[in-house]
Each structure stands twice: as C-alpha cells, then as structure tokens.
Amino acid sequence: RLRKWQERIRTKDAGERNLQFALSEIDRMASALGVPRSVREVASVIYRRSLADDLIRGRSIEGVATSALYAACRKEGIPRSLEEISEVSRVERKEIGRTYRYVSQELALEMRPVDPKKYVPRFCSELTLSEEVQAKANDIIETTADEGLLSGKSPTGYAAAAIYAASLLCNEKKTQREVADVAQVTEVTIRNRYQEQIEAMGIHS
Amino acid sequence: MSAQDPKETINIENVVASTGIGQELDLQSVAMDLEGADYDPEQFPGLVYRTQEPKSAALIFRSGKIVCTGAKSTADVHESLEIVFDKLRDLEIRVEEDPEIVVQNIVTSADLQKTLNLNAIAIGLGLENIEYEPEQFPGLVYRLDDPEVVALLFGSGKLVITGGKEPADAEHAVDKITDRLDELGLLDG
DNA sequence: GCTTTAAAAAGTAACAT
DNA sequence: ATGTTACTTTCGAAAGC
C-alpha cells in the first residue's frame, strides 16, 4: 500500500540521515582532534557495527559516534583521553565513558588497557622535549609498570609523571604545571605518581 | 605467618533487603508524625527513615513495601526493620507480626593479601570476561557465573564482592577468584 | 533509562588552608 | 603543599516518570 511504501521510504531516509549525521560528526571531531583519516575510518566501521547490532537504542547518536571515535583512537594506537574527546564532543565525559564500555563489550572489541607510553610522543612534542626525554620517559613507564605500579592508575597521569621525571633527569625541566596542562591532569596526580615511580626506579636526585 | 586464608578477611559492608507491612500507607501523614523522616515525593516516591542502632536507612513506600539498606549483617537488617515496624505501630498503623524479609544483595570486602597486576589479570582472565578501564575507575570488574556476583579487584589485592544473596556467595567467589588467579600464576610472581 | 538509600575498594579532582 | 570533601564503579529492591 502507498502508505506503507511511504513509511518505508521515510524510515530509510531517516536512517540514512542519521548515519550521515553520525559520520559527519565523527569527521568533525576527528578533525578537531587532528587524528589521521585511518582513525576516522575505523571509527566509522565501529559506528556502523553498533548500528547493525542495534546498540544505539536508548542512547544518543552523538554518544555512540563519540565513543566509536574514542575506541578507534585507542585501537589505532594514538589514544585521546576521555577528557580530550569530550572537549570536541557535545556529549559529557561520563556518558562517553559508559557508552564506550557498552559498545566495547557488545561488539567484543577486546580493547586492551591504554599503554601510557602511547601518550609520550604527543605530550613531549607539545612540551618541545627532546627524543632523549621521550626515551627516558618510556623507560620509566616500562620499568615501573612491570613492577605492578600501573595497576588502577590513569594512563595520562602515569605518562605525565614519567615525562616530568624524565625532563628533570635529562636537564630539560618542565614544571609540574606545564606537564599537567598538556596531559590534562592535576599537579597532585603528577606528584603522587612521580614519587612512586622515582622510588621504584631507585632514583634519588 | 601473615598469610591467612583470604576468606578470613571477608567483611560484610552492606546488606540490602526488602519487605512489606501488608498495608497501604499515607506517606504524607507518616512524614508528619515520624520524626527524622525525609519525604519528597517530587524527588522520589519513597519516604526515607534512618535508624541509628543498628545504622541503616529504610525506604518506605505507599504500597507498604519497605527497602532496608546500610546494615552490616542480616541480623542487623532484622533489627533495623523491627524498629521501623514498631515506629509505624506507634503511629497506629497495623503491621503484620513477622513480615517476610528478603535479602536482595550483600556487599562484602576482602583482601587477597597480595598485590595484583591488573593489566596481566585482564589479559589472563580474558578481555571478553572483564572490564578494566583505569581511566574511569581503578578497579577491574569481574563477573562470576557461579556464584552470580560481581567482583571489583584492585591493585592492592583488596576486592569488593556484590550481587550475592547470602554470605556464602562471597566466600565461594573469593575461593574461585583465588584459584583462578593462582592457576594463571597471577598472584604476585 | 532516571530518581533515592548505603557501603567498600583506590584514583582523581575541586576547593580550602 | 597538604587536607577535606566528593565523585567515579559494582549491586539490589521499591513506585513512578
């Protein structure tokens, strides 16, 4: 019947419009974050899979789109913190986090915890720190994380502390505030992680 | 010497239970007569009443059904609810003699007494079986099928077990978790 | 799904001193 | 720089939006 036909078209159009909106949002946020095209493609795939598995029911398109981008960044090895992601999204951090966990579980993405070392290049670049500092920070992270010091700690705070420590050790000192600003964590967190890491590394300075 | 059975470290932190007096209530008047009662139907349909000893909070509904939470044991739940029942009787409200009290959830804490490498545990238990997002919460979430409970594991070796209906559920859970981590060689080492 | 209640774990954050 | 308070997660029931 004509009515049923129109309804189908209407539904199809609405669905198509929503998909286009989601993909354009992913594109917009990805551009704002300055992540490569490959990440946007991965995010698009995750969003389409979420759509196919009906994960959007009861959730906002924007929330799922943002979570897909967050997951894609991690999967591609260039993670953005929820804090950074929420700055380019109109969805609040808490909602992005819970939607991400839901999508991640349902699609069985099997995402590994973020490795703090993945933040080192970008943070150090923003702080104009040398290759030597980066290498030292990575060394601190790897060594102390193997001792179980990483358990339960936020990857950004952990990376920030290691970078702060490395900058001191390499005589390229950055203040806690400078590092805290690029990593978007507090000085208190850097201070706490720094103390533990230094102790575990057996450094005194 | 210091290493004891982790089961011995189990502590019940909260017990949630539900019951009912088998009588409809006019919460507006109960709120007027019962001192210390918090009732704001716009915000929540239940009236909140807190007992001091044992410490707990009771949510009293218009239907006469009651939820009790905050107690440290099932015995405390009964004690707290008896106080609530008596308070209601003081208000000339008929309350059944011994309303059935059903424990809905027990929250416990325990200590494996060994630090945990949550990253290794996440991989070991299988990423599909756990949730570990340290950026959002420091605990690793592990859902068990039997007993049907949820455990939150922390780097310190301490854990929280919730979702159980009886104290034994927590003991079984601690046993299973200990065994599983042991066979994976993830307790220290 | 949300609202309210209580409680633990450990990390992080906001604001005060 | 430290201390306090508060929020994140898990669970369940209740009645109603």
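Conventions adopted
Residues numbered from 1 in each chain as written. Chains lettered and ligands numbered in written order. Predicted model: local features only at pLDDT ≥ 70, side-chain atom pairs only at ≥ 80, totals over all residues. Heavy atoms only, no water. UniProt positions renumbered as here; feature names shortened; annotations may be inferred. Helix = DSSP H or I, 4+ residues; strand = E, 2+ residues; numbered from the N terminus. Buried < 20%, exposed > 50% of the residue type's maximum accessible area, 1.4 Å probe, protein only. Contact = heavy atoms within 4.5 Å. Lys, Arg positive; Asp, Glu negative; His and termini not counted. Charge placed at Lys NZ, Arg CZ, Asp CG, Glu CD. Buried area = accessible area lost by both parts, 1.4 Å probe. Salt bridge = Lys/Arg side-chain N within 4 Å of Asp/Glu carboxyl O. Polar contact = N/O pair within 3.5 Å; in protein donor to acceptor, adjacent residues only side chain to side chain. Pairing = 2+ DSSP bridges. Axes fitted to C-alpha atoms, helices over the stretch in contact; angles between N-to-C directions. Parallel < 35°, antiparallel > 145°, perpendicular 65-115°, else oblique. Left-handed = near helix turned anticlockwise from the far one by under 90°. Near = heavy atom within 4 Å. Expected span 1.5 Å × (residues − 1). Arc of directions from axis to C-beta. Phe/Tyr/Trp six-rings, centres within 6.5 Å; stacked < 30°, edge-to-face > 60°. Lys NZ or Arg CZ within 6 Å of the ring centre and 35° of its normal. Domains from an automatic or database assignment.

Identification of chain B as TATA-box-binding protein from Halococcus morrhuae DSM 1307 is taken from an unreviewed UniProt entry. In its Function (unreviewed entry) section, UniProt records this for chain B: "General factor that plays a role in the activation of archaeal genes transcribed by RNA polymerase. Binds specifically to the TATA box promoter element which lies close to the position of transcription initiation." In UniProt, chain B has this text filed under Sequence similarities (unreviewed entry): "Belongs to the TBP family."

Next up on the list: the overall build of chain A. Counting its secondary structure elements, chain A contains 10 helices and 0 strands. Along the chain direction, N to C, the helices and strands of chain A fall in the order α-α-α-α-α-α-α-α-α-α. In terms of overall dimensions, chain A has C-alpha extents of about 80 × 30 × 25 Å along its principal axes. Sorting the 205 residues of chain A into buried and exposed places 49% on the buried side. A fraction of 71% describes how many contacts in chain A between residues 6 or more apart in sequence connect residues 24 or more apart. Separation between the mean location of the 33 positive side-chain charges and that of the 31 negative ones in chain A comes to 9 Å.

Glancing now at the interface of chain B and chain A. Taken together, the contact pairs 16 residues of chain B with 24 residues of chain A. Interface area, chain B with chain A, both sides summed: about 1,600 Å², of which 47% is carbon and sulfur. Sorting the residues of chain B by area buried against chain A places L127(B), E135(B) and Q136(B) first, and these three jointly supply 40% of that buried surface. Applying the counting rule to chain B against chain A returns 2 salt bridges. As a salt-bridge pair, E133(B) and R74(A) come within 2.6 Å of each other at their nearest N and O atoms. Linking chain B with chain A are 10 residue pairs in polar contact (both at pLDDT 80 or more). Taken together, the elements giving at least two residues each to the side of chain B that touches chain A come down to α3 (118-125) and β7 (130-131) of chain B. Broken down by element, the residue count for the side of chain B that touches chain A peaks at 3 residues, all from α3(B).

Moving on, we get to the sheet that holds strand β3 (residues 47-51) of chain B. Residues and elements named next belong to chain B. Spatially, 10 strands are ordered β2-β3-β4-β5-β1-β6-β10-β9-β8-β7 in an open sheet, and the strand pairing comes out antiparallel. Strand pairing shows two members of the sheet lacking a second neighbour, β2 (38-39) and β7, which therefore form its edges. Where strand β1 (residues 11-20) lies against strand β6 (residues 102-111), 7 bridges are found, and the strand directions are antiparallel. Bridging from a neighbouring strand, I12 pairs with T108 of β6.

Another aspect to go through is the packing of helix α7 (residues 131-146) of chain A against helix α8 (residues 155-169) of chain A. Residue and element names in this part refer to chain A. Between α7 and α8, the shortest axis-to-axis distance is 8 Å and the interhelical angle comes to 125°. Here α7 is positioned oblique relative to α8, judged by the angle of their axes. In terms of crossing hand, the pair formed by α7 and α8 is right-handed. Along the contact surface, α7 presents V133, K136, A137, I140, I141, T144 and A145, while α8 presents Y158, A159, A162, I163, A165, A166, S167 and L169.

Residues and elements named next belong to chain A. Under the definition given, this model contains 23 salt bridges over all chains. The closest approach of N and O atoms between K117 and D115, which form a salt bridge, is 3.0 Å. Under the relative-accessibility criterion, K117 is labelled partly exposed at 24%. A relative accessible area of 25% places D115 in the partly exposed class.

The next point concerns the protein's contact with DNA strand D. Every one of the 24 residues lining DNA strand D counts as a neighbour, but V16(B), R62(B), S63(B), N105(B) and R143(B) are closest to it. In DNA strand D, the atoms that sit within 4 Å of the protein are 63% sugar and phosphate, with bases accounting for the remainder. In this structure, K94(A) approaches DNA strand D through a side-chain N or O atom, which is 2.7 Å from a phosphate oxygen. In the environment of DNA strand D, a base oxygen lies 3.2 Å from a nitrogen or oxygen atom belonging to the side chain of T162(B).

This part covers helix α10 (residues 187-201) of chain A. In an α-helix there are 3.6 residues to a turn, and that puts residues three or four apart on one side. Residues and elements named next belong to chain A. The first and last C-alpha atoms of α10 sit 21 Å apart over 15 residues, in line with the 21 Å expected at 1.5 Å per residue. Of all the residues in α10, the buried ones are I190, R193, Y194, Q197 and I198. For α10, the arc enclosing every buried residue in end-on projection is 135°, short of the 170-degree limit, so these residues lie on one face. In this fold, the buried residues of α10 make contact with α7, α8 and α9 (176-183).

Enumeration over the complete set of coordinates arrives at 5 aromatic pairs over all chains. Between Y119(A) and F123(A), the ring centres sit 5.3 Å apart and the planes meet at 10°, which makes this aromatic pair stacked. Considering the side-chain rings of F44(B) and F61(B), the 5.9 Å spacing of their centres and the 70° angle between planes classify their relative orientation as edge-to-face. Here the residue F44(B) occupies a position in the loop between β2 and β3, and F61(B) occupies one in the loop between β4 (56-60) and β5 (65-71), the gap between them amounting to 17 residues. Accessibility expressed as a relative area gives 19% for F61(B), which makes it buried. The side chain of R59(A) reaches across the aromatic face of Y102(A), ending 3.7 Å from its centre.

So, on to the domain arrangement of chain B. How big an interface is tends to be stated in terms of accessible area lost as the parts join. As assigned here, chain B comprises domain 1 (16-102) and domain 2 (111-182). Between the C-alpha centres of domain 1 of chain B and domain 2 of chain B there is a distance of 34 Å.

With that out of the way, let us pick up the environment of P54(B). Residues and elements named next belong to chain B. Position of P54 relative to the elements: it lies in the loop between β3 and β4. Residues P54 and G189 lie 135 residues apart in sequence; the distance between their C-alpha atoms is 43 Å. Aside from chain neighbours lying at most four places away, what touches P54 is D76, E79, S80 and I83.

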